[in-house]
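# What the coordinates show
These are the residues of each chain, in order.
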Amino acid sequence: MIIINTETIKGLAKDGKRMDLRGMLEYRSPISIDLDISFTAEGSAKVTMGDTVVIAGVKLSIEKTYGDTPDEGGITVNAELLPLSSSEYESGPPGIKAVELARVIDRGIRESKAIDLKKLCVKPGEKAWFITVDIISINDAGNLFDAAGLAALAALRTARFPVVDEKGVIDYKHKTDVKIPIVKEPLPVTVYKVNGQLMVDLTVAEEKAAESRLTVGCDAHGVISALQKGGTTPLSAVEIGHILDIAIEKSSFLRGVLDKFVKA
Amino acid sequence: MAYTQRLDGRKIDELRPMDAKAGVIPNAVGSAYFKIGNTLAYAAVYGPREIFPRFLANPKKGILRCHYGMMPFSGAGERVRPGGSRRSQEISMVIAAALEPVVDLSAFPNAVVDVYIDLPQTDAGTRCAAICAASIALADAGIPMRDMVSAVAMGQVDGTIVADLNYGEESYPAVVSDIPIAMIANTKEITLLQMDGEITKKDLMAALEMAKVATQKIYELQKKALKERFIRE
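Below is a short write-up of the structure. (Residues numbered from 1 in each chain as written. Chains lettered and ligands numbered in written order. Predicted model: local features only at pLDDT ≥ 70, side-chain atom pairs only at ≥ 80, totals over all residues.)

### A word on the overall build of chain B
Regarding its fold elements, chain B presents four helices and nine strands. Counted from the first residue to the last, chain B has its helices and strands arranged as β-β-β-β-α-β-α-β-β-α-β-β-α. Against the compact-globule benchmark of 17 Å for 233 residues, chain B has a radius of gyration of 18 Å, which places it among compact chains. Classification of the 233 residues of chain B by burial places 50% in the buried group. Taking the contacts inside chain B whose residues are at least 6 apart along the sequence as the reference set, 71% of them involve residues at least 24 apart. (Helix = DSSP H or I, 4+ residues; strand = E, 2+ residues; numbered from the N terminus. Rg over C-alpha atoms; globule rule 2.2 N^0.38 Å. Buried ≥ 20, exposed ≤ 12 C-beta atoms within 10 Å, placed from the backbone. Contact = placed C-beta atoms within 7 Å.)

Encoded structure:
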């Protein structure tokens, strides 16, 4: 059960305080990443951020290339918010929350050209490797965006291509030591505005008290590669400037976590 | 050539290494994971709570609903499309039927207890692992239960009865039968029995006997997981 203390959270936020005594710009700790949590995936990772637990799994397949990009493979990110992970989720096709999560993570990785898709080409105009990253919530205790982005990158870093026989058939039981050609690694940081104050790594109750949010994908050089504003309250340009500063700083913090648990 | 040496070197009645833990999903009322070999199941219990659609409600007692799902990257080969399939629907149904005899929902008329079971990796025996995880999760949730249910896939590979088939044995190039069995821990009554393949009556009876010993080992682990959850130093 999720207890919502919206008014208390808002009141505390005004004074720069939080229910769990964290700083406004402090992530829950420790954040940990478990690798290879699924031997059937080509790469997988489980991120634990406070009580939030998210799994990402990478599957690789060889498909027909697209007509407009005959020399490229592709990447798709999908998200499933399992009813196992919260009483708020129901069985059935992905709801808008899952779709938004998938799209934001997808944008961060694909549109930023984080993967060298040309290197995924097997035979121009015919066949290329396609990557699917599935993000699965195990326990949604808030801040799925940041946890999912971290899990997706960890899974991509650990993924290894499966063996392909001379007929071009994939042997999923055996992996090569070839890695996915990652060019850059954008990590999403979501900054929320609660009662006019900026806050990161919100719990579910805090998310419900928030007015608006901005998810910012940043690579190691502080280059912004994806943005998504949420919530119904507007943000001023000055506020967005503050949010970007926070996001750039926090993405390097999360990158430190990634580097600690996963070899590049 | 009879099947005398198992593919992974186990004794004929030996289970794969197992691990179980209760209380792994804080949002759920009760939860668990259960791992046997490379098959891993997470289970979460939500409820008793209001049932939708309403016409499913039973004014005499609560309803137990199970939802089994494989994660998209959990299969042996290509990615599995998420969402339900005929297979997952049927497995969900037989899991609920396997657990129902031990679950007493008479105190919760018109309500539902939902059990969600999702697997991040699979190597045969998924419905049995799902039942083992679900049974721990229901107990963890404090749902009134008469007993625990423990399940294992027994098998017959080229004339030899073995416990806890793995994927290699399931697809062994000979006459193979795959027999998932769930038993009530203390009475050894059978609450799930399915079979595909070919088997004689004599072999099937032998498999049921071997399952009693195998499920007892699983039951001990399930109890241990629950004790570890509730006993603090």
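Now that the structure is up, let's keep going.
### Things to note about the interface of chain B and chain A
Listed by partner, the interface residues are 24 residues for chain B and 28 residues for chain A. Contributions of two or more residues to the side of chain B that touches chain A are made by β3 (39–50) and β5 (111–121) of chain B. Top element by residues in the side of chain B that touches chain A is β5 of chain B. It accounts for four residues. Broken down by class, the residue content of the side of chain B that touches chain A amounts to twelve nonpolar, nine polar and three charged. (Nonpolar A, V, L, I, M, F, W, Y, C, P; charged D, E, K, R; others polar.)

### Considering the sheet that holds strand β7 (residues 160–163) of chain B
Residue and element names in this part refer to chain B. Within the open sheet, the four strands sit side by side as β7-β6-β8-β9. Their pairing is antiparallel. Whereas interior strands pair on both sides, the edge strands pair on one side only; in this sheet they are β7 and β9 (190–193). Going across the sheet, the axis of each strand differs from the next one's by a mean of 25°, ignoring polarity. Both strand β8 (residues 176–184) and β9 contribute to a ladder of three bridges, which runs antiparallel. Bridge pairing in β9 places Ile 181 opposite Leu 193. Against the sheet, helix α1 (residues 86–99) contacts β6 (149–157), β8 and β9, and its axis sits at roughly 165° relative to β9. Contacts between helix α4 (residues 201–230) and the sheet are confined to β6, β7 and β8, with β6 contributing the most and set at about 140° to the helix. (Pairing = 2+ DSSP bridges. Axes fitted to C-alpha atoms, helices over the stretch in contact; angles between N-to-C directions.)

### Here we look at the packing of helix α2 (residues 96–111) of chain A against helix α3 (residues 144–158) of chain A
Residues and elements named next belong to chain A. For the pair α2 and α3, the least separation of the axes is 10 Å and the interaxial angle reads 45°. Judged by the angle between their axes, α2 and α3 are oblique. Taken as a pair, α2 and α3 cross one another with a handedness that is right-handed. Side by side, α2 and α3 meet where Leu 101, Val 104, Ile 105, Gly 108 and Ile 109 of the first sit next to Leu 144, Phe 145, Ala 148, Gly 149 and Ala 152 of the second. Considered class by class, the residues forming the contact of α2 with α3 number eight nonpolar, two polar and no charged. (Parallel < 35°, antiparallel > 145°, perpendicular 65-115°, else oblique. Left-handed = near helix turned anticlockwise from the far one by under 90°.)

### Observations concerning the environment of Gly 84 of chain B
For Gly 84 of chain B, the position within the fold is in the loop between β4 (63–70) and α1. Judged by C-beta crowding, with 14 C-beta atoms within 10 Å, Gly 84 of chain B ranks as partly exposed.

### A word on unusual backbone geometry
A cis geometry characterises the amide bond from Ser 29 of chain A onward to Pro 30 of chain A, with omega recorded as -5°. Structurally, Pro 30 of chain A can be placed in the loop between α1 (6–14) and β1 (31–35). With an omega dihedral of -5°, the bond running from Phe 52 of chain B to Pro 53 of chain B counts as a cis peptide bond. Along the chain, the position of Pro 53 of chain B falls in the loop between β3 and β4. Here the phi dihedral of Asp 158 of chain B falls at roughly 50°; this positive angle occurs in a residue that is not glycine. The phi torsion at Asp 164 of chain B lies on the positive side, around 60°, for a residue other than glycine. Positionally, Asp 164 of chain B belongs in the loop between β7 and α3 (167–170). For Asp 164 of chain B, a count of 25 C-beta atoms within 10 Å puts it in the buried group.

Any functional reading would require information beyond the geometric quantities listed.
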